[in-house]
Amino acid sequence: MKTSKSENGYYGGLKQIAKVANSTLPLRRILSSIAKSTTKAMRANGCSIMLLNSQREYLTVAGAYGLSDSYLRKGPLLAHKSLPGILDGKVVAVTDASKNEQIQYPEVAKQEKIISILGAPLIQNEEVVGEIRVYTHEPRQYSQADKAFLLTVGNISATTMERAELYQMLSTNYKKPITERTELGQIPKLAPSSLRPSSFAHPSEQEFSKLLDFYRLEWLYEPRAFPLQQESNKVTEMFTPDFYLPELDLYVELTTLKQSLITEKNRKLRRLKELYPEINIKLLTKSDYLRLLAKYGYGPIGEAKVQGINQVLFSHSQIQHRVRTIAKHISRDYAGRHLVLVGILKGVICFMANLMQHISLPVTVEFMAISYYGDDTEQVVKITKDLDSSITGQDVLMIEDIVDTGMTLNFVLNHLSTHNPASLHVCTLLDKSVRRLVHVPLKYIGFEIPDEFVVGYGLDYQGKFRNLPFIGTLTPELLERELEEE
Ligand code: IMP
């Protein structure tokens, strides 16, 4: 049987790709090399390999070939606005990019002379984690062989990334706290450090990125270059802000206190605001950015990190996102019914307040309070505040901050069931299932967490930290004290 010309090219391409994928080069270089071999094998003009961020909203370039810097820095690529079919695991072909509504930056694509695009998903453990796209400067119809080839390259790229992450985890594992080691996967991952920028233009940028990581705030480094001046169709001045923070929809340019530089940056910023009024951008000095973090509730002004907190596990926006999803499920499951939400004071206050605002059903709210007394050998739970109204015949949903051993919940559920509600279920924000002693059925779970003591968003350590807008772990010093007291 005759092999077609393209299939021969694909065989050669795959040989190259498999070889580089198996090398010890840094991940970025491997992915760029894969992009180059793919471009050549498909006789295309360029290729990019992109990764989804932890909240699955943005795509960032992890490796590319044959694409200009201004194309790569065209701005944050919203996953749902740019060929969304790929995220559903499909291979998507665009024969004419100028006429396709699923292209987020059609003007920039036109300047890059991109006409056709073929995109395939990168799949890890049955989940799409990114995409590979090839671009041509002429219209093209893609064959089944083209699609199968790109999908295969996508699979190799995904495996390569997984291997690099694993390698990185193994080589640093023993140094890391358990929260970064856990395989639960429920704690949103930051981009693997091998895919973070290999160098920052200035040390203050690296410092800022570390602070953002600490707070688990998503960031993209220099994702967009804004043309500021053009002369006879050539861009003569550009401005590339240092960071983009998707959760705040904010570009950030860091600056030192050198007056001459500030004046120049201010001029560029004014120009940028004139040309792109829809863009949210801030010029920040170090004290400014500490103030910015303070504004969003991340610690007092002048203090980079919150004292006593070792690591943020779930940022404010990650919690918000999850709470909204749970509320949607509750609203769907209890549609047409009236729901009584019962919370146990005080840990549940933030979660309850937040969750109830997103439930689109008529609800009433009840609170109970309990206290523990006794010594280490025998602790007794006592209800110090009971329900104000009857729940007999009602649909009751217990709202919990965290289920640890399950003893508290078991006690309260037994108590509530004596009132004969029509139904009784549990919704907990955090589930520390590894510590479970009593089986308790949990209908809705926000996040599963490892065996760590956590504070914030209502949860306390000796009455403190309840007002933090995120959930974090305690520093080792505080933790030791907590364990001694346990
Ligand atoms: P359980 O009875 O062991 O399931 O404990 C549940 C209660 O213990 C929660 O409602 C919290 O008040 C408290 N708790 C358990 N783990 C933590 C934690 O990591 N941080 C703060 N409070 C916790």
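On a predicted model such as this, the values are computed, not experimentally measured, just so you know. (Residues numbered from 1 in each chain as written. Predicted model: local features only at pLDDT ≥ 70, side-chain atom pairs only at ≥ 80, totals over all residues. Heavy atoms only, no water.)

**So, the pairing of strand S9 (residues 234-239)**
Point 1. Examined bridge by bridge, strand S8 (residues 226-231) and S9 share five bridges and lie antiparallel to one another. Within S9, the residue paired with Gln 229 across the bridge is Glu 237.
Point 2. Linking S8 to S9, which pair antiparallel, is a turn of two residues; within it Ser 232 sits at a positive phi near 35 degrees. (Pairing = 2+ DSSP bridges. Helix = DSSP H or I, 4+ residues; strand = E, 2+ residues; numbered from the N terminus.)

**Focus: the nonpolar core**
Point 1. Among the nonpolar cores identified, the biggest contains 29 residues, and Ile 330, Leu 355, Leu 397, Ile 399, Cys 427 and Leu 430 are the most heavily contacted of them.
Point 2. Residue assignment for this core shows that the elements contributing at least two residues are strand S13 (309-314), helix H10 (316-333), strand S14 (339-344), helix H11 (349-358), strand S17 (395-403), strand S18 (423-431) and strand S19 (444-448).
Point 3. Here the element with the most residues in this core is H10; it accounts for five residues.
Point 4. Contacts of Cys 427, omitting those with residues within four sequence positions, involve Ile 326, Ile 330, Phe 351, Leu 355, Leu 397, Met 398, Ile 399, Glu 400 and Tyr 444. (Core = buried A, V, L, I, M, F, W, Y, C linked by side-chain atoms within 4.5 Å. Buried < 20%, exposed > 50% of the residue type's maximum accessible area, 1.4 Å probe, protein only. Contact = heavy atoms within 4.5 Å.)

**Side note on the pattern of salt bridges**
Once their charged atoms are close, side chains differing in charge can pair, the charge on each being opposite to the other.
Point 1. Summed over all chains, the structure comprises 15 salt bridges.
Point 2. Among the salt bridges present, the one from Arg 267 reaches Glu 237, with a minimum N-O distance of 2.6 Å. Placement of Arg 267 in helix H8 (residues 259-275) and of Glu 237 in strand S9 is noted, with a sequence separation of 30 residues between them.
Point 3. Residues Arg 436 and Asp 431 are paired through a salt bridge, measuring 2.3 Å at the closest nitrogen-oxygen approach.
Point 4. Overall, Asp 431 belongs to the buried group, its relative accessible area being 4%.
Point 5. Taken together, the shared-partner salt bridges connect Asp 69, Arg 73 and Glu 222 into one network. (Salt bridge = Lys/Arg side-chain N within 4 Å of Asp/Glu carboxyl O.)

**Examining the confidence of the model for the chain**
Point 1. Averaged over the chain, the pLDDT score is 84; the fraction of residues at 70 or greater is 85%.
Point 2. Note that pLDDT drops below 50 for residues 172-189; the model gives that stretch 30 contacts with residues more than four away or on any other chain. (pLDDT = per-residue confidence, 0-100.)

**Notes on the packing of H10 against H11**
Point 1. Running from N to C, H10 and H11 cross one another at 50 degrees; their axes reach a closest spacing of 8 Å. Considering their axes alone, H10 and H11 lie oblique with respect to each other. As H10 packs across H11, the resulting crossing turns out to be right-handed. Only Phe 351, Asn 354, Leu 355 and His 358 of H11 make contact with H10, whose side of the interface consists of Gln 320, Val 323, Arg 324, Ile 326, Ala 327, Ile 330 and Ser 331.
Point 2. The class makeup of the residues in the contact of H10 with H11 is six nonpolar, four polar and one charged. (Axes fitted to C-alpha atoms, helices over the stretch in contact; angles between N-to-C directions. Parallel < 35°, antiparallel > 145°, perpendicular 65-115°, else oblique. Left-handed = near helix turned anticlockwise from the far one by under 90°. Nonpolar A, V, L, I, M, F, W, Y, C, P; charged D, E, K, R; others polar.)

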